[in-house]
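# Survey of secondary and tertiary structure
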Amino acid sequence: MTWLYDSHIHLTDPYYQNDLDYIIRGMENMKIQACCVSMDTITSQKTLELGNKSNLILPFIGIHPERIDDDLELMINLITENQQNISGIGEIGLDPTYVKSDEDNKNQIYFFETFLSIAEKFKKPISIHSRKSLDQIFSIMTSYNTKHALLHWFDGSKKQLQKAMDMGFFVSYGPVTIYANDKQALLSQTPENKILVETDGPVKFSRCFEMKSGQISFIPSVVFCASKVLGKSYDEMAMLLEANTKSFLRI
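So, a few notes on the structure that sits alongside this text. Numbers given for residues are sequential positions, taken from 1 along each chain in its written order. Local features are withheld for residues below a pLDDT of 70 in this predicted model, meaning they are given only at 70 or higher, and side-chain atom pairs are given and counted only at 80 or more; totals for whole chains, interfaces and linings count all residues. No hydrogens and no water enter the side-chain calculation; it runs on all heavy atoms of the structure.

With that out of the way, let us pick up the overall build of the chain. Each helix and strand in the chain was counted, giving 9 helices and 10 strands. Taking 18 Å as the expected radius of gyration for a compact globule of 251 residues, we find that the chain reaches 17 Å, a close match to that expectation. Viewed in the frame of its principal axes, the chain has a C-alpha envelope of about 45 × 40 × 35 Å. Burial classes: relative accessible area under 20% of the type maximum marks a residue as buried, over 50% as exposed, and values in between as partly exposed (1.4 Å probe, protein chains only). Taking all 251 residues of the chain together, 57% fall into the buried category. In what follows, a contact means two residues having at least one pair of non-hydrogen atoms within 4.5 Å. When contacts within the chain are restricted to residue pairs at least 6 apart in sequence, long-range pairs at least 24 apart make up 68% of them. For the chain, the accessible area works out to roughly 11,500 Å², and carbon and sulfur atoms hold 46% of it. The charge count treats Lys and Arg as positive and Asp and Glu as negative. His and the chain ends do not count. Note that the charge is assigned to NZ on lysines, CZ on arginines, CG on aspartates and CD on glutamates. Looking at the chain, you have 25 positive and 31 negative side-chain charges, and the mean spots of the two groups are 5 Å apart. A helix here means a DSSP run of H or I that spans at least four residues, while a strand means a run of E at least two residues long, and both kinds are numbered starting from the N terminus. Values of the radius of gyration come from C-alpha atoms, whereas the globule rule sets the reference at 2.2 Å times the count of residues to the power 0.38. Surface accessibility in these figures is a Shrake-Rupley result with a 1.4 Å probe; residues are shielded only by whichever protein chains are displayed.

Written out as structure tokens, the structure is:
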């Protein structure tokens, strides 16, 4: 039985709270596992609880670049104490959108480098937020042995895609790929063994999704789209993605 994976979703977001039991039952029926990423220490603790609730939820804990006012030391302790129970570290990264001063910029970099060091120490995969910051992320990550890194919702140029591949990173494509020609073009140029799929829920999607928030149930549609772009059958694409995700997760 081939398993599908949502490589990046925020199941601790309030949007999902009233439906978690239903979501987990749906995951069981559809044979989908999900990398549940976190935003800060509070959502990281909730993510750990979700991971204990179902083995279909793969907990990633960390601090998003939007939340650099969070308690870094508490998060370091949380990762250290739960290293055996977490699947990875994330969502971490850089984003100038949330930088309002030189101090913010320095703090984002410090947080990011701290998490890269921890991931290297505990040999954990990482889920990276790289909006408008890919080149800086590439520069920083040359100093770390973190090959099991995912540039989630990859939105770079063809040149940046090649750089990501040269560094051995994975990249993920989400529901927007179904209706965005530029994303399909990037997907077609991505080495097959480095492709993952995601929803990044509760982000909302337009066109055929009618501005609905991302659901794990969207994953089969993304897989189908990827199969068409790459000229594969659905089953071939599903098996490829399963192998890629297990490689990313080191399982």
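After that view, the rundown keeps rolling.
Among the secondary structure elements, Ser44 is positioned in helix H2 (residues 41-53). Polar contacts involving the side chain of Ser44 include one to the main-chain carbonyl oxygen of Asp40, which spans 2.7 Å. Among the polar contacts listed, one links the side chain of Ser44 to the backbone nitrogen of Gly62, at a separation of 3.3 Å. Those residues within four positions of Ser44 in sequence are excluded, and the remaining contacts are Ser38, Ile61, Gly62, Met75 and Leu78. Side-chain atoms alone can form a polar contact between residues adjacent in sequence; in general such a contact is a pair of N or O atoms within 3.5 Å, and within protein one must be able to donate a hydrogen while the other accepts it.

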